[in-house]
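Secondary and tertiary structure notes
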Amino acid sequence: MSLSRRDVIKTGVFAGAAVALPAAKLAGVGAAGATPFPEALLPKPFTRPFSTPPVAVPYRKDATCDYYKMSMQAVDAEMIPGYKTTLFGYNGSVPGPTIQATQGRQVVVRHMNALPAQHPILGYTPWTSVHLHGSASLPQYDGYASDVTMPVGGTREDGSVCTDGEYKDYHYPNHQQARTLWYHDHGVHHTAENAYHGLAGMYTMYDAEERALPLPQGKYDVPLIIGDAMFQAPFTDAAGVKRAPLLFSLDNQSGHWGNVIWVNGTPWPLMKVEPRKYRFRVLVATISRSFKFNFKASTGVAVPYQVIATDGGLMPAPMTISSHRQLGGERYEIVIDFSKFAGKTVDMLNTSPTNNIDYTNTNKVMRFQVGTVVTDTRNNTVPTTLTRKRDIMNLTEAMVAKDATGKPIVRTLRLERSNGQWTVNGTTWEKIVASNYEFVECTPLMGTVEKWIIQNNSGGWFHPLHIHLVDFKVLRRNGRPPMAHEMGPKDVVYTGENETIELLVRFDSAGKYMVHCHNLVHEDHDMMTQFEVLEADGTKCFDDPMTSAMAKDMALEALDVL
Amino acid sequence: MSSDLTAVAFPGRAGNATEVAATPKVATRTNTVDIAILMAAAAGLAHAFSTPTHWRWWQASGVFFAVIAVAQLGLAAALFFHRTSTKVVLAGVWSNVLVVSVYVASRLVALPGQPGMTAHGAPKAPGRSFLPAAPEGVGAFDMFSLVVELGLIVLLLTLLPSRTRSKVTSALMYCGIAFCAFAVWSVMSNGAIR
Ligand SMILES: [Cu+2]
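Residues numbered from 1 in each chain as written. Chains lettered and ligands numbered in written order. Predicted model: local features only at pLDDT ≥ 70, side-chain atom pairs only at ≥ 80, totals over all residues. Heavy atoms only, no water.

A look at the pattern of salt bridges
Residues and elements named next belong to chain A. Counted under the stated rule, the structure contains 47 salt bridges over all chains. For Arg-156, the salt bridge identified is with Glu-166, shortest N-O distance 3.8 Å. With Arg-156 in the loop between β7 (130-133) and β8 (166-172) and Glu-166 in strand β8, this pair connects stretches of sequence that are 10 residues apart. You can call Glu-166 buried: its relative accessible area is 13%. The salt bridge partner of Glu-532 is Lys-540, with a shortest N-O separation of 3.1 Å. Overlapping salt bridges, with partners in common, bring together Lys-69, Arg-110, Asp-169, Lys-552, Glu-557 and Asp-560 in one network. (Salt bridge = Lys/Arg side-chain N within 4 Å of Asp/Glu carboxyl O. Helix = DSSP H or I, 4+ residues; strand = E, 2+ residues; numbered from the N terminus. Buried < 20%, exposed > 50% of the residue type's maximum accessible area, 1.4 Å probe, protein only.)

Here's what the structure looks like:
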């Protein structure tokens, strides 16, 4: 029997409401892949002026050391013009102020946790641990994940509450060669959240050898800290301020990808440059996203560029390339020659590697508007030889230490997902915590060279594998030579889908150090383990990451001379 | 459904001598029941399929899904074995209306007792990221089940005597209006949707 017209209408009201309400939500906000903040309200790519983070000013200096004070605090930033977004910044700056260091001169940074007791949306306690990525710091100053510094009123993992808040002094030796380092949060279980909210900054180290080269310097030596972000639906708060909080997805176990690409905190900026060579220190500070960069001029031609330095500093020789892939934690210093593009524009673009989540404008990074006048022609050359002093690059397989049976020492790290968790060789950080920080993956001897093999047997994801303490040389990728841009000292390696990477690693100081995935969501849950470098005579290092320099009570800070 | 089964099934399904007389109507009638069986079975299987993940997320929702799956598969079986009495059909209609109502509510508000979200599936622990319970997202699979259930409700309505049907469709209309009122209330009380 068919329905009467009246029945059809009445049933239609029911069915229509049942379908339309969820469908409206699907079209509007909240669903996977949707962007709650309307894309039309985002700044148009290449319209916002480029800027660089402020340079940090020492609190005090003496004959051998620069002292800095950094307060980690919540800050209302305006990443999207007209909308306030609450971020976490070092001294209120996102990215943090750039620390400039010179080889041979030490740096001490007092990091004070003045963050709120709880993240206003995500509800977590923003305890911190600051890692200086690229520095061979002592274990207790390396930003060991579980060596945390608490905010006032924050709840610790054991459920206790920190009444006064804490600070910690980090000592950096700066005995290594010139390089681009970066400092960022490494607090256990929410490194991703903290770094995503802005706790990251650059740290450049110079040395005499590098300063003597005719490479671009000063205003022609520019940091490009690149990240991504996603924003929640905008609203007006009780004080009448328009707000767009950051959106951090907790449900995607593979990572977190934003639809806004920012450089030094500005979405898709426009930078005015002179028609000459520039040196850019490109740091990818994303939580999960990887990039494949290329440069294209408004004339339609691809713009080649030279890679001059990798994570650990200068390469033996510059490499001229037309694109390179780069992921979280990696630094490449590149030189672009704008001299042929006076009056034109050059775009930095991204052809996203596989297993990223892409949105409308994630294929764009920034634009260079090339002027017609060069104000300084000095330091405008890339020499054909950059350095011969990087011992790491002179390592060969013959130098690999032998075990008791006379076989070369080869260690394999399998990056894998097992039982719903991200693991290194089946190990998660929980295992290290449960062992009272005693469990170690391996115990290399100080002063020796080992071969490490990094394996990713999955086609479903890539991992940025970071080994603390050391510089390493990429020996082979899937049995073949490394890519041109990787032919310099490294501390993070792109471990792509179904890739096996062979590294030569030298251990120049002793202690317990972390090795982990730099997809920070993987790292937090819980793709991180540790190794312990023993003294040359096989004894344990005296310095301990958890106990040798613990965070102190904030009530004592004023009395504690820095 | 095979045609001989239809022939055998015929008297029981019709339950009304006047309607069985004309052959074309019989064909229509039979197809309606057959499609209803398929739809009830599809909806039941969809809920059965989703039961384990719901159980892991929130045990109460797992139980609810299992009960729905059993009920919908039971309805399919009842129809298959020629139980098309008004009682059975009404039970089918109202149980599916209940499922649809819970679905709509779950997409507009967090249900009472619904757990919040921990970071990337990590266990809940002091100091870690944790979002309070929020309305569930809308996906292709659940929209598919919803459409199947709505279709099933319409088909079941055609099996009812016209007076009963008229009363039921009136009640459905009020349900639809209630959905809209609930949606307005939820948006106003939630403020910005997360
Ligand atoms: Cu990873």
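Section: the domain arrangement of chain A
Residue and element names in this part refer to chain A. Taken domain by domain, chain A comprises domain 1 (5-213), domain 2 (220-370) and domain 3 (397-533). If you average the C-alpha positions of domain 1 and of domain 3, the two centres end up 25 Å apart. Contacts between domain 1 and domain 3 engage 26 residues on the former and 26 residues on the latter. Summing both partners gives a buried area of about 1,700 Å² for domain 1 against domain 3, and 53% of it is carried by carbon and sulfur. Contact with domain 3 buries area across many residues of domain 1, yet His-133, Tyr-144 and His-189 alone supply 33% of it, more than any other trio. In this structure, the connection of domain 1 to domain 3 is made through one salt bridge. Of the charged contacts in the structure, one is a salt bridge between Asp-471 and Arg-179, with a shortest N-O distance of 2.8 Å. For the interface between domain 1 and domain 3, the tally reads 18 residue pairs in polar contact (both at pLDDT 80 or more). Sorting the residues of the side of domain 1 that touches domain 3 by element identifies β7, β9 (179-185) and α2 (191-196) as the ones contributing at least two each. With four residues, α2 is the largest single contributor of residues to the side of domain 1 that touches domain 3. (Domains from an automatic or database assignment. Contact = heavy atoms within 4.5 Å. Buried area = accessible area lost by both parts, 1.4 Å probe. Polar contact = N/O pair within 3.5 Å; in protein donor to acceptor, adjacent residues only side chain to side chain.)

Re the pairing of strand β17 (residues 277-284) of chain A
All names here are of chain A. By the criterion of burial, β17 is predominantly enclosed, with eight of the eight residues buried. Taking every second residue as pointing to the same face, both faces of β17 are buried, with Lys-277, Arg-279, Arg-281 and Leu-283 on one and Tyr-278, Phe-280, Val-282 and Val-284 on the other. Across six bridges, strand β11 (residues 221-229) lies against β17 in parallel orientation. Bridge pairing links Val-222 to Phe-280 in β17. (Pairing = 2+ DSSP bridges.)

As for the packing of helix α4 (residues 59-80) of chain B against helix α5 (residues 86-108) of chain B
Residue and element names in this part refer to chain B. Where α4 contacts α5, the two axes come as close as 11 Å, and the packing angle between them is 150°. What the angle tells us is that α4 and α5 run roughly antiparallel. Between α4 and α5 the crossing geometry is left-handed. Facing α4, whose interface residues are Phe-64, Ile-68, Gln-72, Leu-75 and Ala-78, α5 presents Val-88, Gly-92, Asn-96, Val-99 and Val-102. For the contact of α4 with α5, a count of residues per class yields seven nonpolar, three polar and no charged. (Axes fitted to C-alpha atoms, helices over the stretch in contact; angles between N-to-C directions. Parallel < 35°, antiparallel > 145°, perpendicular 65-115°, else oblique. Left-handed = near helix turned anticlockwise from the far one by under 90°. Nonpolar A, V, L, I, M, F, W, Y, C, P; charged D, E, K, R; others polar.)

Here we look at the coordination of the copper ion
Residues and elements named next belong to chain A. The copper ion binds to the protein through His-463 (ND1), Cys-517 (SG) and His-522 (ND1), with metal-donor distances spanning 2.0 Å. Considered as a linear motif, the donors of the copper ion on their single chain read H-x53-C-x4-H. Of the residues examined, His-522 reaches a relative accessible area of 0% and is grouped as buried. (Donors = N, O, S within 2.8 Å, 3.2 Å for Na, K, Ca; no water.)

Section: the sheet that holds strand β18 (residues 291-297) of chain A
Residues and elements named next belong to chain A. One open sheet accounts for six strands, arranged β1-β16-β24-β23-β18-β21; its pairing is mixed. Every interior strand has two partners, whereas the edge strands, β1 (48-49) and β21 (323-326), have only one. Note that strand β16 (residues 269-273) and strand β24 (residues 364-370) share four bridges and pair parallel. The residue of β24 that forms the bridge with Leu-270 is Arg-367.

A word on the pairing of strand β6 (residues 106-113) of chain A
Residue and element names in this part refer to chain A. Burial of β6 is extensive: seven of the eight residues sit out of reach of the surface. Strand direction decides the pairing type here: strand β3 (residues 65-80) and β6, joined by eight bridges, are parallel. Each residue of the ladder has a partner; that of Lys-69, found in β6, is Arg-110. In this sheet, β8 lies alongside β6 in antiparallel orientation, the contact comprising six bridges. Across the sheet, the residue bridging to His-111 is Lys-168, located in β8.

Describing the environment of Val-440 of chain A
For Val-440 of chain A, the location among the structural elements is in the loop between α4 (429-434) and β27 (449-456). Excluding residues within four positions of it along the chain, Val-440 of chain A makes contact with Lys-512, Gln-530, Phe-531 and Glu-532 of chain A.

As for the packing of aromatic side chains
Residue and element names in this part refer to chain A. Tallied over the full model, the rule gives 28 aromatic pairs over all chains. Ring centres of Tyr-144 and Tyr-437 lie 6.0 Å apart, and the angle between their planes is 65°; on these two criteria the pair is classed as edge-to-face. You can see Tyr-144 sitting in the loop between β7 and β8 and its partner Tyr-437 sitting in the loop between α4 and β27, a full 293 residues away along the chain. One exposure class covers both Tyr-144 and Tyr-437, and it is buried. Aromatic side chains Phe-295 and Tyr-305 sit 4.9 Å apart centroid to centroid with 70° between the ring planes, which places their arrangement in the edge-to-face category. (Phe/Tyr/Trp six-rings, centres within 6.5 Å; stacked < 30°, edge-to-face > 60°.)

Re a nonpolar patch on the surface
Together, Ile-9 and Val-13 of chain A together with Tyr-174 and Ile-177 of chain B give the surface a local cluster of nonpolar side chains, amounting to about 380 Å² of exposed area. Elements supplying a minimum of two residues to the nonpolar patch: α1 (5-28) of chain A together with α7 (162-190) of chain B. In this fold, Ile-177 of chain B is placed in helix α7. Overall, Ile-177 of chain B belongs to the partly exposed group, its relative accessible area being 44%. (Patch = residues over 30% accessible without salt bridge, like charges linked within 9 Å, V, L, I, M, F, W, Y side chains within 5 Å. Areas by Shrake-Rupley, 256 points an atom, 1.4 Å probe, with all protein chains shown as cover.)

Description of the interface of chain A and chain B
Listed as interface residues are 44 residues of chain A and, on the opposing side, 48 residues of chain B. In total, chain A and chain B occlude about 3,700 Å² of area from one another, counting both sides; carbon and sulfur atoms represent 69% of this. The interface formed by chain A and chain B contains three salt bridges. With a shortest N-O distance of 3.6 Å, Arg-128 of chain B and Glu-157 of chain A are connected by a salt bridge. A total of 14 residues in the side of chain A that touches chain B trace back to one element, the largest contributor, which is α1 of chain A. Looking at the side of chain A that touches chain B, its residues break down into 22 nonpolar, 14 polar and eight charged.

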